[in-house]
Amino acid sequence: MQNAAAAMAAAAARPAAMAAAAGSSDYYARLLQLCQTAANPSAGRAIHAHAIKAGLLVSTYLCNNLLSYYAGAGVRGGSFRDVRRLFEEIPAARRNVFTWNTLLSMYAKSGRLADARAVFAEMPERDAVSWTIMVVGLNRAGRFWEAVKTFLNMVGEGLTPTQFTLTNVLSSCAATEASGIGRKVHSFVVKLGLSSYVPVANSVLNMYGKFGDAETAKAVFDRMPVRSLSSWNSMVSLYARQGRMDLAVSMFENMEERSIVSWNAVISGYNQNGLDGTALKFFSRMLSDSSMEPDGFTATSVLSSCANLRTLKMGKQMHSYILRVGMPYSGQSQMINALISMYAKSGSVETARKIMDQAVISDLNVISFTALLEGYVKLGDMKQAREIFDVMNNRDVIAWTAMIVGYQQNGQNDEAMELFRSMIKSGPDPNSYTLAAILSACASLACLDYGKQIHCKAIRSLQEQSVSVSNAIITMYARSGNVTLARRVFDRICWRKETVTWTSMIVSLAQHGLGEEAVGLFEEMVRVGVKPDRITYIGVFSACTHAGFVDKGKAYYEQMRDEHGITPEMSHYACMVDLLARAGLLTEAQEFIQRMHVAPDAIVWGSLLSACRVQKDAELAELAAEKLLSIDPNNGGAYSALANVYSACGRWNDAARIWKLKKDKAVKKETGISWTHLHNKVHVFGADDVLHPQRNAIYKKAAEMWEEIKKAGFAPDLNSVLHDVDDELKEELLSRHSEKLAIAFGLISTPEKTTLRIMKNLRVCNDCHMAIKFISKVVEREIIVRDATRFHHFRDGFCSCKDYW
């Protein structure tokens, strides 16, 4: 090639000799063709100059070769203006269809489609090549529909498409999924006898693959007399995309030769169809059985499978390989996103964050952001999770839901509700997971009114039919104190009740002290053939506990093991101990613990310890407290419960000793708080609270309420104050318990006859329980109190628990 270029340069230096030797313009044309092949622009311009001096530009053939030479240089970075100027210098009479096609091709190949269209419209004559140039240019530029329309116009002009026309229009049909037109193009291929031409046959095969028409694609494949590697890869990829991995692998195994594309098709097919373990095994086979080196597509699929399986070790190995071979990140946004997802889902959130910080934001997608967000949520780091959420550009419903679920699961229910309101205003429509999460937040805060609004939204969007949403609605109503509405929802979805739905309703009834109804519903559940699970029995045991159904509880325990084959777990043991202990059967409860097949946990000993106070059994309380503290030395409740038992027994010195021991060990007990939800805001109160902005009015109302119920016959239970102080101070302390302050606030903030709903994080004390019975009668209101174990419905001086809680 260098010798040819040297010869051209030498010839250009001797124009007279060349002209004499050649005698015509053909010699110059051949030299120009050599210049194009050798990519020698300076020699080409020299030849052009000598042709002008020799007066040879009268030849159309030479002019076309000059134009073709400059057009090729223009595509490679030369001057488009030079080409256009030369074109204009060629007399119109000497321009033929080749001349026009050369100019047209230059613009089309360089992506200057507006100029190409202008030239195409100006052409006095068009042939099949002219139309093909436009089809190819439009297809390569991603103007697929325009390419298809241009092809149809070409056929309408009566011109026969070439193989290049067909491969490109088939590609455009595949990209636009224009199956009707694509099948007509296929018929052209058959009529023109081009079915055996491998590039065209592969385009047909690829088109049917994009349509998802595996049967027609297989028929085309079977009729191909010659198949290329691309033909086989198309079929493997098609089957893999459709999840027909048996056929994909069968096709793969029959291949005589394979490329990295072949291996990638199978690996990504397994990954995309949820068979991540098999994907990684196939990748290992590739490394051991072939000489193929993983590329960016391989790495992305492997990282995705590692992310789904939380396989950090193999994910790190893949990352190390990427770094070792210098696989470029630039333009590999899928790989970057897969790396972030892999580390985030596998627990290495900080590594995922570093990769994200180093990446170009435009390369990141919502999937990687969401994976990182969920990683922080699992760690309970909601601040970092919110930072990730706030920088996301295209937040989809999954990202919004992940953030709302994160707040709800981490006890930040106010934040969950605030974000849900923002989602309704400016985000995507919530899905069933979003609604279930926000309903759970409403249940935790007992936001009945807002919960009703979300229930309405679920009905309008037809998402009430979702099992998770309908169960969340039942729980929301029940935990907000309205078990009647919960039962109404349950009865309405009777045609599609599942075990979890029945369980939700049984637990709800149990929490409201409706033991007989809960047990009756359980019996109906078994009768209609719905199989109870381990959670169902926890609900049944809870119902028996709150209703005092000791014998039924024992019978259900036997039934759980013998009839339904459910092995008791620690939660079941704890329920049975609680059932026996609350009924005063402390010895039997202790014997039950001794018969347990596993070592009792803190909950089991805690249940026994709590019952010891009611029964004033200090000796057993000491044993239970000792066992509990050996399991959980920092359990502040154990110290408090034991001190309470001593106080109930009048052993003030022992109680003081326990309080001092607790203080010396710096053990903290959960502070008792109560709250109520009014006017879209949660109002929280602690005992003797002075922080509420309406504290003066609240304390005034609490004092008035205290005096009124005393006049009505209420006598404070001074034994509920577990400190050795005088009676006057005890009474003052009792009057300012958190639930009493919450009730006082509700009385001054709501209309008369309105039901008050109060939540408390600990079990309600004896004094408050008796006081609220009197308050409900004096103020003529229903007061619903949800404490740590159950609901109390106070009405007309009575409580639904019948003083058994």
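Residues numbered from 1 in each chain as written. Predicted model: local features only at pLDDT ≥ 70, side-chain atom pairs only at ≥ 80, totals over all residues. Heavy atoms only, no water.

Looking up the protein chain in an unreviewed UniProt entry gives the name DYW domain-containing protein, with the organism given as Urochloa decumbens.

1. Re the packing of helix H31 (residues 499-511) against helix H33 (residues 534-547)
The line we're drawing: Axis definition: a line fitted to C-alpha atoms, over the contacting stretch in the case of helices. Angles run 0 to 180 degrees between N-to-C directions. Helix and strand definitions here come from DSSP, where helices need a minimum of 4 consecutive H or I residues and strands a minimum of 2 consecutive E residues; each element is numbered from the N-terminal end. Roughly parallel means an angle under 35 degrees; roughly antiparallel means over 145; roughly perpendicular covers 65 to 115; every other angle is labelled oblique. Each crossing is labelled by how the near helix is turned from the far one, with a counterclockwise turn of less than a right angle marking it left-handed and a clockwise turn marking it right-handed. Contacts are assigned to residue pairs with any non-hydrogen atoms lying within 4.5 Å of each other. For this classification, the nonpolar set comprises Ala, Val, Leu, Ile, Met, Phe, Trp, Tyr, Cys and Pro, the charged set comprises Asp, Glu, Lys and Arg, and every other residue, Gly included, is treated as polar.
Running from N to C, H31 and H33 point in directions that differ by 15°, and their axes come no closer than 8 Å. When the interaxial angle is binned, H31 and H33 end up roughly parallel. In this structure, H31 meets H33 at a crossing whose hand is left-handed. Packed against H31, whose contacting residues are Thr 499, Thr 503, Ile 506, Val 507 and Ala 510, the element H33 presents Ile 535, Thr 536, Gly 539, Val 540, Ser 542, Ala 543 and His 546 at the interface. Of the residues that constitute the contact of H31 with H33, the class distribution is six nonpolar, six polar and no charged.

2. Considerations on the UniProt feature "repeat: PPR" (unreviewed entry) in the protein chain
Rule in force here: UniProt positions are given in the numbering used here, feature names are shortened, and annotations may be inferred rather than shown by experiment.
On the UniProt side, "repeat: PPR" (unreviewed entry) is annotated at positions that read residues 96-130, 228-262, 365-395, 396-430 and 498-532 here. The annotated region residues 396-430 carries 77% helix and 0% strand content, and the separation between its end C-alpha atoms amounts to 10 Å. End-to-end, the C-alpha atoms of residues 498-532 are 10 Å apart, and along that stretch the chain is 74% helix and 0% strand.

3. Let's talk about the sheet that holds strand E1 (residues 673-678)
Put simply, the test is: Paired strands, as defined in this entry, are two strands with at least two bridges between them according to DSSP.
Strand order in the open sheet formed by six strands is E2-E1-E3-E4-E5-E6, and the pairing between neighbours is mixed. The open sheet has two free edges, formed respectively by strand E2 (681-686) and strand E6 (798-799), since each of these has just one partner strand. Where helix H27 (residues 432-445) meets the sheet, it contacts E1, E2, strand E3 (756-760) and strand E4 (783-786), and its direction lies at approximately 120° from that of E1. Running at roughly 40° to strand E5 (residues 791-795), helix H44 (residues 766-778) makes contact with E4, E5 and E6 of the sheet.

4. Focus: helix H19 (residues 296-309)
Threshold: Here the expected length of a helix is defined as 1.5 Å per residue gap, with one fewer gap than residues. The rule is simple: take the accessible area with a 1.4 Å probe, protein chains only, and divide by the maximum for that residue type; under 20% is buried, over 50% is exposed, in between is partly exposed. Here a polar contact is taken to be a pair of N or O atoms separated by no more than 3.5 Å, where protein atoms must pair a possible hydrogen donor with a possible acceptor and residues adjacent in sequence count only if both atoms sit in side chains.
Counted at 1.5 Å a residue, the expected span for H19 with its 14 residues is 20 Å, and the 20 Å between its end C-alpha atoms agrees. Counting buried residues along H19, ten of its 14 residues qualify, which places the element largely inside the surrounding structure. Next to the buried residues of H19 lie helix H17 (260-272), helix H18 (276-289), helix H20 (312-324) and helix H21 (333-345). The N-cap residue of H19 is Asp 295: its side-chain oxygen and the backbone nitrogen of Phe 297 are 3.1 Å apart. Of the residues one or two after H19, Arg 310 is the one with positive phi, at around 55°.

5. A short note on the nonpolar core
Stated precisely, the cut-off is as follows: Within this scheme, the nonpolar core is defined by two criteria: the residues are buried Ala, Val, Leu, Ile, Met, Phe, Trp, Tyr or Cys, and they are joined through side-chain atoms within 4.5 Å.
Membership of the largest hydrophobic core comes to 180 residues, with the highest contact counts inside it found for Leu 372, Leu 373 and Leu 608. In terms of residues, this core owes the most to one element, H27, which gives nine residues. Other than its neighbours up to four places away in sequence, Leu 608 contacts Val 577, Ala 581, Leu 586, Ala 589, Ile 593, Leu 620 and Ala 624. Counting residues in hydrophobic clusters, the runner-up holds 26 residues, among them Trp 706, Phe 714, Leu 747 and Ile 758.

6. Remarks on unusual backbone geometry
With the exception of glycine, the majority of residues adopt a negative phi angle, and the majority of peptide bonds are in the trans configuration. With phi around 60°, Ala 446 is a residue other than glycine that occupies positive phi space. Residue placement: Ala 446 occurs in the loop between H27 and helix H28 (448-460). Located in the positive-phi region is Asp 796, a residue other than glycine, with phi close to 55°. For Asp 796, the position within the fold is in the loop between E5 and E6.

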